[in-house]
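Now for the letters of each chain:
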Amino acid sequence: MSLPRVQRAARCALRLQQERSALRAVAARARSTAAALAAEADWDAARPYSDIPGPKPLAVGGNAWRFMPYVGQFHGLGLDELIAALHAEFGPVCKLGGMPRPDLLFVSDVDIMQSVLRNEGSWPTRRAAQTLEHYFRDLRKNYLVSLAVSNGKEWQDFRSAVNQVMMQPRNTAPYVQPIDSVAQDFVARMREIRAPDGRMPADYTDELAKWSLESISYVALDTRLGLLAGDLDPTSDAVVMMDTIRGLFDCMYNLDIKPSVWKWVSTPTYRKFVGNMHLFTSLASKYVDRAVARLKALSRRELEQGNRSVLESLLINTGDPTKAVSMVMDMLLAGVDTTSAAMSGLLYQLATNPDKQAKLQEELDRVIPDKTAPITQDQMEQLKYARACIKEAMRLMPVLPTSFRDTGKDQVLGGYRVPKGTTVGMSSLVMAQDERYFPKARQFLPERWLPGGSKTDHPFAFLPFGFGPRMCVGKRFANLELENLVAKIFRNFTLEWNQPPARTKFTIFLKFETPLQFIVRDRP
Ligand code: HEM
């Protein structure tokens with residue numbers, strides 16, 4: 001073909017391409033206009049927000065009286081019991097208004113939850129505990145607002161820096177051995193604290209909290225606190241840190257979840273909360289300062305060549321020690337009671353389902369021939385049944401009974417108009433036990449998570465770590481800790497449960513009211 005004919009053909013092809021993309025753009029505009037019109041029509045046809053069912057507030061005192069002793073039907077209920085009671089009486093979308101805080105909408109339908117999460121926009125908003133927000137914003141102006149507390153652009157900027165350090169699979173690899181050595185110490189501690197008949201002590205869940213703090217502080221503070229040693233000095237950082245975190249959650253439960261006047265009156269619990277937060281901040285700062293000093297002592301070449309820890313990478317990526325302090329506090333606040341609650345539920349499910357425990361042990365014996373040797377990353381990758389057990393335990397006993405979001409735009413939920421910015425609690429506990437998504441929902445069936453198992457295809461029916469850009473930033477570390485410890489425990493022991501079924505209650509997280517006194521027997 002001559003050159004002009006080639007040029008003409010090329011021009012023609014280009015024109016065709018341009019016309020095609022113009023047509024595609026017109027079609028996309030038409031689709032989005034149609035969607036907007038349909039959404040508008042839905043909105044017009046929907047019932048008003050005020051019609052959403054829920055307990056009727058009184059003219060004076062609203063609904064707060066319902067939480068009071070003697071008169072209130074919600075008094076003393078755990079968050080799970082409150083949510084179950086509301087859904088049983090008012091259906092899958094209900095409203096708890098008339099409280100000294102903005103309305104809370106509770107939903108227990110997977111499709112409605114999907115609609116909330118799919119429309120959250122690129123900066124999903126989750127209202128933080130008001131006490132934490134008050135502390136970071138009003139009392140510690142010199143510190144950057146934490147990841148869990150911030151929203152909008154402030155959150156996005158911080159989260160992007162943290163994602164690079166915590167959400168990449170390669171970043172957990174250097175922690176496999178240290179997390180394994182914490183688990184190894186925990187197994188030794190179980191041998192130490194069990195009674196002659198093999199029974200664990202009544203405070204076994206406190207021991208699990210020590211394990212999770214010891215593990216996550218290795219990630220957050222670059223140090224082993226030493227919580228799994230026998231005699232602990234009550235003035236040591238380890239004990240002070242543990243007590244401070246525990247105390248903070250008790251205070252937050254009383255100030256944020258139960259009705260309280262702390263915003264107007266400085267109550268003793270409020271003062272305790274502030275004191276604990278000051279202590280917690282100064283402890284976190286101490287370890288961040290040490291990491292800063294370590295980095296300063298390195299030459300530029302050493303800095304570029306060596307593998308940096310999570311804390312050091314946070315300092316390098318953000319270039320700001322105050323941000324690192326905030327993130328360290330987030331990790332310790334969000335990463336201790338969550339992981340230990342998940343582990344408690346997992347051990348309980350395996351102890352009460354001996355056939356599943358035996359199946360797990362078969363896998364462990366095959367993959368980990370030497371029960372005393374550190375577990376390698378390669379071995380961890382082969383533990384498919386162990387991972388299925390972890391998922392199934394978190395489905396039956398979620399760590400958090402509900403996850404919260406503020407709606408990202410005006411939208412129709414369950415036939416009602418819900419304005420942008422409304423706080424919605426999505427009841428994961430109710431949804432994960434829905435027979436439509438999980439046949440034999442009340443049974444512990446890890447097999448459902450294996451290929452060909454009966455797990456649901458609905459992507460929103462099970463979200464233990466949340467969803468989208470705001471999902472749990474510690475997910476990879478939490479899974480590493482859980483997988484490693486469950487492998488270590490059941491490679492070394494068999495757990496038995498010879499009591500009536502345990503009682504649980506959700507305060508902020510899943511909590512066992514019955515002491516987890518497993519009988520622990522050694523395995524060959
Ligand atoms: C089994 C253990 C854990 C569970 C079940 C869990 C669950 C969750 C859930 C459901 C959320 C909210 C996600 C959303 O709204 O979409 C969350 C957020 C968060 N988690 Fe976890 N988590 C666990 C362990 C950890 C650990 C070990 C860390 C620390 C390394 C951590 C740090 C955080 C932080 C900082 C956030 C807030 C993220 C943000 O707002 O951008 N979590 N977690």
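Predicted model only: the values in this text are computed from it and were never measured.

Visitor: Looking at this structure, how should I read helix α18 (residues 475-492)?
Guide: Helical periodicity: at 3.6 residues per turn, an α-helix aligns residues three or four positions apart in one direction. In this model α18 runs 26 Å from its N-terminal to its C-terminal C-alpha over 18 residues, within 8% of the 26 Å that 1.5 Å per residue would give. Burial analysis of α18 places 16 of its 18 residues in the buried class, the great majority of the element.

Visitor: Just checking my understanding: could you explain the sheet that holds strand β2 (residues 104-107) for this structure?
Guide: Strand pairing in a sheet is mediated by backbone hydrogen bonds. Such pairs are either parallel or antiparallel. Pairing is mixed across the open sheet formed by 4 strands, whose spatial order is β1-β2-β6-β3. Of all strands in the sheet, those bounded by a partner on one side alone are β1 (93-96) and β3 (403-406). Neighbouring strand axes in the sheet, compared pairwise and without regard to direction, differ in orientation by 25 degrees on average. Of the pairings in the sheet, the one linking β3 to strand β6 (residues 423-426) comprises 4 bridges and is antiparallel in character. Along β6, the bridge assignment pairs R405 with V424. Across the sheet, helix α3 (residues 110-118) lies against β1, β2, β3 and β6, angled at about 135 degrees from β6, the strand it touches most.

Visitor: Honestly, the coordination of the iron atom of the ligand in this entry has me stumped. Any pointers?
Guide: Any two of four tetrahedral donors ideally make an angle of 109.5 degrees at the metal, while pairs among six octahedral donors ideally make 90 or 180 degrees. You will see that the iron atom of the ligand has only one donor from the protein, C472 (SG), lying 2.3 Å away. With respect to the helices and strands, the residue C472 is situated in the loop between α17 (428-431) and α18.

Visitor: How should the UniProt feature "binding site: heme" (unreviewed entry) in the protein chain be read in this particular structure?
Guide: UniProt feature "binding site: heme" (unreviewed entry): in the numbering of this structure it lies at C472. Among residues more than four places away in sequence, those in contact with C472 are R159, M167 and F465.

Visitor: Explain the side chain of N492 to me, please; I cannot follow it from the model alone.
Guide: Mapped onto the elements of the fold, N492 is located in helix α18. Accessibility expressed as a relative area gives 2% for N492, which makes it buried. Here the side chain of N492 touches R191 through a polar contact of 3.3 Å, side chain to side chain. With near-sequence residues (within four places) excluded, N492 lies in contact with V187, R191, K371, R521, D522 and R523.

Visitor: Is there a simple way to think about the pattern of salt bridges in this case?
Guide: Opposite charge on two side chains permits pairing when their charged atoms draw close. The final tally for this structure, using the stated rule, is 32 salt bridges. We note a salt bridge from D365 to R523, for which the minimum N-O separation is 2.7 Å. Within this pair, whereas D365 is found in helix α14 (residues 354-367), its partner R523 is found in the segment after β10 (519-522), the two being separated by 158 residues in sequence. The class for D365 is partly exposed, based on a relative accessible area of 32%. Each of R189, E192, E207 and K210 takes part in a single network of salt bridges with overlapping partners.

Visitor: Is there a simple way to think about the site of the ligand in this case?
Guide: R126, R159, R405, R470 and C472 are the nearest of the 26 residues found near the ligand. Within the side chain of R126, an N or O atom sits 2.5 Å from an oxygen atom of the ligand. Elements that contribute at least two residues to the shell around the ligand include exactly α5 (152-166), α12 (321-334) and α13 (337-352). In terms of residue class, the shell around the ligand is made up of 16 nonpolar, 5 polar and 5 charged.

Visitor: Just to check I follow, could you spell out a positive patch on the surface for this structure?
Guide: A cluster of basic residues, R5, R8, R11 and R15, forms a positive patch on the protein surface. With respect to the element layout, R15 can be found in helix α1 (residues 3-45).

Visitor: I keep staring at the side chain of R189 and nothing clicks. Help me out?
Guide: Note on placement: R189 falls in helix α6 (residues 176-193). Beyond its immediate sequence surroundings of up to four residues, R189 is in contact with E207, K210, L228, A229 and G230.

Visitor: Can you help me understand the domain arrangement of the protein chain in this one?
Guide: Interface extent is often summarised as the accessible area lost during association of the parts. Each assigned domain of the protein chain is listed with its residue range as follows: domain 1 (35-123 + 400-463) and domain 2 (143-395 + 471-490). A separation of 29 Å is found between the C-alpha centroids of domain 1 and domain 2. Taken together, the contacts link 21 residues of domain 1 with 25 residues of domain 2. Buried surface at the junction of domain 1 and domain 2, both sides included, amounts to about 2000 Å², of which 64% is carbon and sulfur. Taken as a group, W123, F444 and W449 account for 37% of the area that domain 1 buries against domain 2, more than any other trio of residues on that side. Seen at the junction of domain 1 and domain 2, the total is 3 salt bridges. Looking at the side of domain 1 that touches domain 2 residue by residue, the class counts come to 15 nonpolar, 3 polar and 3 charged.

Visitor: Which parts of the structure should I look at to understand the packing of α13 against α14?
Guide: Pairs of packed helices are described in terms of their axes, by the angle between the two and the distance that separates them. Viewed as axis vectors pointing N to C, α13 and α14 meet at an angle of 105 degrees, and their least axial separation amounts to 5 Å. With respect to α14, the axis of α13 lies roughly perpendicular. Packed against α13, whose contacting residues are L350, A351 and T352, the element α14 presents P354, K356, Q357 and L360 at the interface.

Visitor: Would you mind showing me how to read the packing of aromatic side chains here?
Guide: The relative placement of two aromatic rings is captured by the distance of their centres and the angle of their planes. The final tally for this structure, using the stated rule, is 15 aromatic pairs. Between F186 and Y204, the ring centres sit 6.1 Å apart and the planes meet at 45 degrees, which makes this aromatic pair tilted. With F186 in helix α6 and Y204 in helix α7 (residues 204-221), this pair connects stretches of sequence that are 18 residues apart. Here F186 matches Y204 in class, with each residue buried. On the basis of an interplanar angle of 55 degrees and a centroid distance of 5.5 Å, the ring pair of Y348 and F512 is categorised as tilted. Highlighted residues: Y348 in helix α13 and F512 in strand β9 (residues 510-512), separated in sequence by 164 residues.

Visitor: Before we go on, may I ask you to explain the nonpolar core in this structure?
Guide: General note: in soluble globular proteins, nonpolar side chains tend to be found buried as a group. Counting residues in each nonpolar core, the largest one holds 158 residues, and the members touching the most others are Y204, L213, F273, L332, M343, I489 and F518. Ranked by residues supplied to this core, first place goes to helix α9 (residues 268-296) with 12 residues. If you count residues domain by domain, this core takes at least three from each of domain 1 (35-123 + 400-463) and domain 2 (143-395 + 471-490). Beyond its immediate sequence surroundings of up to four residues, F518 is in contact with G198, R199, M200, Y204, L347, Y348, A351, L495, E496 and W497.

Visitor: Is there a simple way to think about the packing of α9 against helix α11 (residues 310-318) in this case?
Guide: Look at α9 against α11: their axes get within 10 Å of each other, and the N-to-C directions meet at 75 degrees. With respect to each other, α9 and α11 are oriented roughly perpendicular. Packed against α9, whose contacting residues are Y287, V288, A291, V292, R294 and L295, the element α11 presents L311, E312, L315 and I316 at the interface. When its residues are assigned to classes, the contact of α9 with α11 shows 8 nonpolar, no polar and 2 charged.

The rules we used
- Residues numbered from 1 in each chain as written.
- Predicted model: local features only at pLDDT ≥ 70, side-chain atom pairs only at ≥ 80, totals over all residues.
- Heavy atoms only, no water.
- Helix = DSSP H or I, 4+ residues; strand = E, 2+ residues; numbered from the N terminus.
- Expected span 1.5 Å × (residues − 1).
- Buried < 20%, exposed > 50% of the residue type's maximum accessible area, 1.4 Å probe, protein only.
- Pairing = 2+ DSSP bridges.
- Axes fitted to C-alpha atoms, helices over the stretch in contact; angles between N-to-C directions.
- Contact = heavy atoms within 4.5 Å.
- Donors = N, O, S within 2.8 Å, 3.2 Å for Na, K, Ca; no water.
- UniProt positions renumbered as here; feature names shortened; annotations may be inferred.
- Polar contact = N/O pair within 3.5 Å; in protein donor to acceptor, adjacent residues only side chain to side chain.
- Salt bridge = Lys/Arg side-chain N within 4 Å of Asp/Glu carboxyl O.
- Near = heavy atom within 4 Å.
- Nonpolar A, V, L, I, M, F, W, Y, C, P; charged D, E, K, R; others polar.
- Patch = residues over 30% accessible without salt bridge, like charges linked within 9 Å, V, L, I, M, F, W, Y side chains within 5 Å.
- Areas by Shrake-Rupley, 256 points an atom, 1.4 Å probe, with all protein chains shown as cover.
- Lys, Arg positive; Asp, Glu negative; His and termini not counted.
- Charge placed at Lys NZ, Arg CZ, Asp CG, Glu CD.
- Domains from an automatic or database assignment.
- Buried area = accessible area lost by both parts, 1.4 Å probe.
- Parallel < 35°, antiparallel > 145°, perpendicular 65-115°, else oblique.
- Phe/Tyr/Trp six-rings, centres within 6.5 Å; stacked < 30°, edge-to-face > 60°.
- Core = buried A, V, L, I, M, F, W, Y, C linked by side-chain atoms within 4.5 Å.

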